[in-house]
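Observations on the three-dimensional arrangement
Listed below, chain by chain, are the residues.
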Amino acid sequence: ITSPVVAHSSLGGYSVSFTGGALTTHTVSATSVNTDLYLDGKDYVAVPQTWINIPVNLGNLGATTASTITVTLTKPSDVSLRSFTPDATCLGNTCTWTLSAANLAFLGAGKVSFQASLPPSAMGTEYLLNLNISSPETDGVPANNALQIRLVSAAPYFLPVVAKE
């Protein structure tokens, strides 16, 4: 299989072409002529009152460049957040990143990150962080614009060291 080639068509779309095992050229069109923004992250187990780093990947699989990108994060009131990269604006339980310089083109990618801490009484509790990504352009696949990150609290256990005589 040859390396894929990304081509821009005269109609404003993109295609990805490669040559397979039988020297047949395959062309796969981009998902749509719209943007296709997405968010990707994972769940965490956290010790209460300990700060954990949470990165969130974002990107565009659509053929249209996303101009101003907005990522919103809604949190439970007893979860603390800090250290936003890039800077975010928070009001109440919602924090917002406005990524005007990001301009995600076809297959473009980026990241936002922050730190979270759970309250001391959180033992055995699950907290949900809800994130959403948007831009002024029409999104061809809005189903992947939302992400839910689960923070599950756990206690640190320390095993005693027993010396053998």
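Look up a bit, the structure's there.
Since this is a predicted model, take the numbers as computed values, not measurements.

Thoughts on the environment of F106
Looking at the element boundaries, F106 is found in the loop between β10 (94–99) and β11 (109–117). The class for F106 is buried, based on a relative accessible area of 13%.

So, the environment of S100
The residue S100 is located in the loop between β10 and β11 in this model. Along the chain, S100 and I69 lie 31 residues apart, while their C-alpha atoms are 6.1 Å from each other. Leave out the neighbours within four places in its chain, and S100 touches S67 and T68.

Details of the sheet that holds strand β9 (residues 89–91)
Strands sit in the order β5-β13-β12-β7-β10-β9 across an open sheet of 6 strands; the sheet is mixed. Every other strand in the sheet has two partners, leaving β5 (44–46) and β9 as the edge strands with one partner each. Going from strand to strand, the sheet's axes swing by 20° on average, the running direction of each strand aside. Here strand β7 (residues 69–74) pairs with β10 via 6 bridges, running antiparallel. Residue pairing in the sheet places T70 in a bridge with T98 of β10.

Details of the packing of aromatic side chains
Per the stated rule, a full pass over the model turns up 3 aromatic pairs. Seen in terms of ring centroids, F84 and W97 are 5.8 Å apart; in terms of plane orientation they differ by 65°. Their pairing is edge-to-face. Of the two residues, F84 is situated in strand β8 (residues 80–85) and W97 in strand β10; the sequence distance between them amounts to 13 residues. Judged by relative accessible area, which is 0%, W97 ranks as buried. Here the aromatic cluster, defined as three or more aromatic residues joined through ring pairs, consists of F84, W97 and F114.

A look at the nonpolar core
Core analysis: the largest hydrophobic core is formed by 31 residues, its most contacted members being I54, F114 and L151. Ignoring anything within four residues of it in the chain, the contact list for L151 reads Y44, I52, I54, V79, A116, L118, T125, E126, Y127 and L129.

Brief notes about the sheet that holds strand β6 (residues 52–60)
The strand order across the open sheet formed by 4 strands is β4-β6-β11-β8, and the pairing between neighbours is antiparallel. Each end of this open sheet is capped by a strand with a single partner; those strands are β4 (37–40) and β8. Across this sheet, the average inter-strand angle for adjacent strands is 25°, counted without regard to direction.

Criteria and cut-off values
Residues numbered from 1 in each chain as written. Predicted model: local features only at pLDDT ≥ 70, side-chain atom pairs only at ≥ 80, totals over all residues. Heavy atoms only, no water. Helix = DSSP H or I, 4+ residues; strand = E, 2+ residues; numbered from the N terminus. Buried < 20%, exposed > 50% of the residue type's maximum accessible area, 1.4 Å probe, protein only. Contact = heavy atoms within 4.5 Å. Pairing = 2+ DSSP bridges. Axes fitted to C-alpha atoms, helices over the stretch in contact; angles between N-to-C directions. Phe/Tyr/Trp six-rings, centres within 6.5 Å; stacked < 30°, edge-to-face > 60°. Core = buried A, V, L, I, M, F, W, Y, C linked by side-chain atoms within 4.5 Å.

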